[in-house]
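Architecture and fold: a report
Spelled out from the first residue to the last, the chains are:
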Amino acid sequence: MNKPPHGVVSMPREVLHLLIDLPGEADMETLRAAGDAGGNALLDAFAQWSKQSATDELADLPVDVFRERAAEFLGYCGWGDVSVASNSDALIEVSIADCWETRRKHGEQSGCHLTTGLLHGFFAALAGYELGVMELECAELGSGGSCRFVIGTPEMVDSIYAEISAEAGDKG
């Protein structure tokens, strides 16, 4: 498979270096907003990279081929060992083993907020409508080496969050 266009491999780490020392509560929201702002560029780079090895436009790819190409592209971009799956027509799960963002010193913040924003910007630009993205598990917080994200309509993601919160409340 082709390598990604110049500059895409280092983009997340370069953005991260600019944002690594942000203070306090602004850290999480600022990282997500910065990632979200880069989502369109990431999608454009993916489309360019994908066309180098096939004649299909992204919109014409079968879902399973799109998932494979997206995972391979994000892996080439240095994100880690990426898999993209879907549990239904409207819900996407992205799993990243050895996620690049877990190497960031978070201070009191935890989670892969820049990656969450990038995934939001990427998939929302692809879908053409608003999506919700939530990190379900973070390797930094002991999930066994993988960070897992769920992407769907805001209502679907809110529902998943409510279920997780209710389960956590039942255990507490």
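The paragraphs below set out a description of the structure included in this document. Computed from a predicted structure; not experimentally measured. (Residues numbered from 1 in each chain as written. Predicted model: local features only at pLDDT ≥ 70, side-chain atom pairs only at ≥ 80, totals over all residues. Heavy atoms only, no water.)

1. Section: the overall build of the protein
- Across its full length, the protein carries five helices and four strands.
- Walking the protein from its N terminus toward its C terminus, one meets helices and strands in the order α-α-α-β-β-α-β-β-α.
- For the protein, the residues scored as buried account for 41% of the 172 residues in total.
- Considering only intrachain contacts with a sequence separation of at least 6, the fraction spanning at least 24 residues in the protein is 57%.
- A total accessible area of about 9000 Å² is found for the protein, and carbon and sulfur atoms account for 52% of it. (Helix = DSSP H or I, 4+ residues; strand = E, 2+ residues; numbered from the N terminus. Buried < 20%, exposed > 50% of the residue type's maximum accessible area, 1.4 Å probe, protein only. Contact = heavy atoms within 4.5 Å. Areas by Shrake-Rupley, 256 points an atom, 1.4 Å probe, with all protein chains shown as cover.)

2. Points about the side chain of Thr115
- Relative to the helices and strands, Thr115 resides in helix H4 (residues 113-127).
- Judged by its relative accessible area of 0%, Thr115 falls in the buried class.
- Apart from residues lying up to four places away in sequence, Thr115 is in contact with Trp79, Ile96, Cys99, Trp100, Glu101 and Phe149.

3. With respect to the sheet that holds strand E4 (residues 146-152)
- Judged by pairing direction, the sheet is antiparallel, and its four strands sit side by side in the order E1-E2-E4-E3 without closing on themselves. Each having just a single partner strand, strand E1 (81-88) and strand E3 (132-137) make up the two edges of the open sheet. The average angle at which neighbouring strand axes cross in this sheet is 20 degrees, direction not considered.
- Summarising the sheet, strand E2 (residues 91-97) and E4 pair through six bridges and their orientation is antiparallel. Within E4, the position partnered with Ser95 by the bridge is Arg148.
- Sheet strands touched by H4: E2, E3 and E4. Its angle to E4, the strand with the most contacts, is close to 35 degrees. (Pairing = 2+ DSSP bridges. Axes fitted to C-alpha atoms, helices over the stretch in contact; angles between N-to-C directions.)

4. Here we look at the pattern of salt bridges
- Tallied over the entire structure, the rule returns two salt bridges.
- Across the pair Arg148 and Glu137 runs a salt bridge whose closest N-O atoms are separated by 3.4 Å. One end of the pair, Arg148, is in strand E4; the other, Glu137, is in strand E3, with eleven residues separating them in the sequence.
- On the accessibility criterion, Arg148 (23% relative accessible area) is partly exposed. (Salt bridge = Lys/Arg side-chain N within 4 Å of Asp/Glu carboxyl O.)

5. Observations regarding the environment of Pro154
- Counting through the fold element by element, Pro154 comes out in helix H5 (residues 154-171).
- Separated by 24 residues in sequence, Pro154 and Glu130 place their C-alpha atoms 7.3 Å apart.

6. Here's the deal with helix H3 (residues 63-76)
- With 14 residues, H3 extends 20 Å from end C-alpha to end C-alpha; this agrees with the ideal 20 Å at 1.5 Å per step.
- Looking at H3, one finds that the buried residues are Phe66, Arg69, Ala70, Ala71, Phe73 and Leu74.
- One or two positions beyond H3, positive phi appears at Gly78, with a value near 90 degrees. (Expected span 1.5 Å × (residues − 1).)

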